[in-house]
Amino acid sequence: MAITVWNALVTAAWGGEDLLPDLYRRLDALPEPGRSTMRATIDMLVARKRQLFARDLRGIGAWELRQAPNGDVSLWAEARAPRR
């Protein structure tokens, strides 16, 4: 969900389609309490991206969760620049 929100905001900043309205429309189709919970989470992610990372316009391409032999989990992600 975090990657979807991040990429939606970055895509709009690149001059592409604003994907957030469609994301919120899809949420409206969910039953409660999931709809409210998901909306609050997405609202929080949007606010954090705008407050803490507004100038970071890299998109996220391929990504994967990796687990080390000791059980630690990390996120690997490919950064993408806007198309020119």
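See above for the structure.
Residues numbered from 1 in each chain as written. Predicted model: local features only at pLDDT ≥ 70, side-chain atom pairs only at ≥ 80, totals over all residues. Heavy atoms only, no water.

Draft legend 1. Highlighting the overall build of the protein. Scanning the protein from terminus to terminus reveals three helices and two strands. Counted from the first residue to the last, the protein has its helices and strands arranged as α-α-α-β-β. Along the first, second and third principal axes, the C-alpha set of the protein runs to 40 × 35 × 20 Å. For the protein, buried positions account for 20% of its 84 residues. Accessible area of the protein: about 6300 Å², with a carbon and sulfur share of 55%. (Helix = DSSP H or I, 4+ residues; strand = E, 2+ residues; numbered from the N terminus. Buried < 20%, exposed > 50% of the residue type's maximum accessible area, 1.4 Å probe, protein only. Areas by Shrake-Rupley, 256 points an atom, 1.4 Å probe, with all protein chains shown as cover.)

Draft legend 2. The pattern of salt bridges, seen in detail. Scanning all chains against the criterion turns up six salt bridges. Among the salt bridges present, the one from glutamate 32 reaches arginine 35, with a minimum N-O distance of 3.8 Å. Note on arginine 35: relative accessible area 29%, which makes it partly exposed. (Salt bridge = Lys/Arg side-chain N within 4 Å of Asp/Glu carboxyl O.)

Draft legend 3. A look at the packing of helix 1 (residues 2–13) against helix 3 (residues 34–52). At a closest axis distance of 10 Å, the pairing of helix 1 and helix 3 adopts a crossing angle of 50°. Here helix 1 lies oblique to helix 3, going by the angle between them. When you trace helix 1 past helix 3, the crossing you get is right-handed. The segment helix 1 lies against helix 3, with Ala2, Val5, Trp6, Leu9 and Val10 engaging Ile42, Leu45, Val46, Lys49 and Arg50. Of the residues belonging to the contact of helix 1 with helix 3, the class tally is eight nonpolar, no polar and two charged. (Axes fitted to C-alpha atoms, helices over the stretch in contact; angles between N-to-C directions. Parallel < 35°, antiparallel > 145°, perpendicular 65-115°, else oblique. Left-handed = near helix turned anticlockwise from the far one by under 90°. Contact = heavy atoms within 4.5 Å. Nonpolar A, V, L, I, M, F, W, Y, C, P; charged D, E, K, R; others polar.)

Draft legend 4. Quick look at the environment of leucine 75. Its place among the elements puts leucine 75 in strand 2 (residues 73–80). The spatial distance from the C-alpha of leucine 75 to the C-alpha of leucine 65 is 4.6 Å, given a sequence separation of 10 residues. Ignoring any residue separated from it by four or fewer positions in sequence, one finds leucine 75 in contact with Trp63, Glu64 and Leu65.

Draft legend 5. Structural detail: unusual backbone geometry. Along the chain, glutamate 32 connects to proline 33 via a cis peptide bond; the corresponding omega equals 5°. Within the element layout of this structure, proline 33 appears in the loop between helix 2 (20–28) and helix 3.

Draft legend 6. How the structure looks around helix 3. For helix 3, built from 19 residues, the straight-helix expectation of 27 Å at 1.5 Å per residue is met to within 8% by its first-to-last C-alpha distance of 27 Å. Among all positions of helix 3, only Ile42, Val46 and Lys49 are buried. Down the axis of helix 3, the buried set is contained in an arc of 65°. They therefore lie on one face. Pointing more than 90 degrees away from the buried face of helix 3 are the exposed residues Gln51 and Leu52. Tucked into the core, helix 3 has its buried residues touching helix 1 and helix 2. (Expected span 1.5 Å × (residues − 1). Arc of directions from axis to C-beta.)

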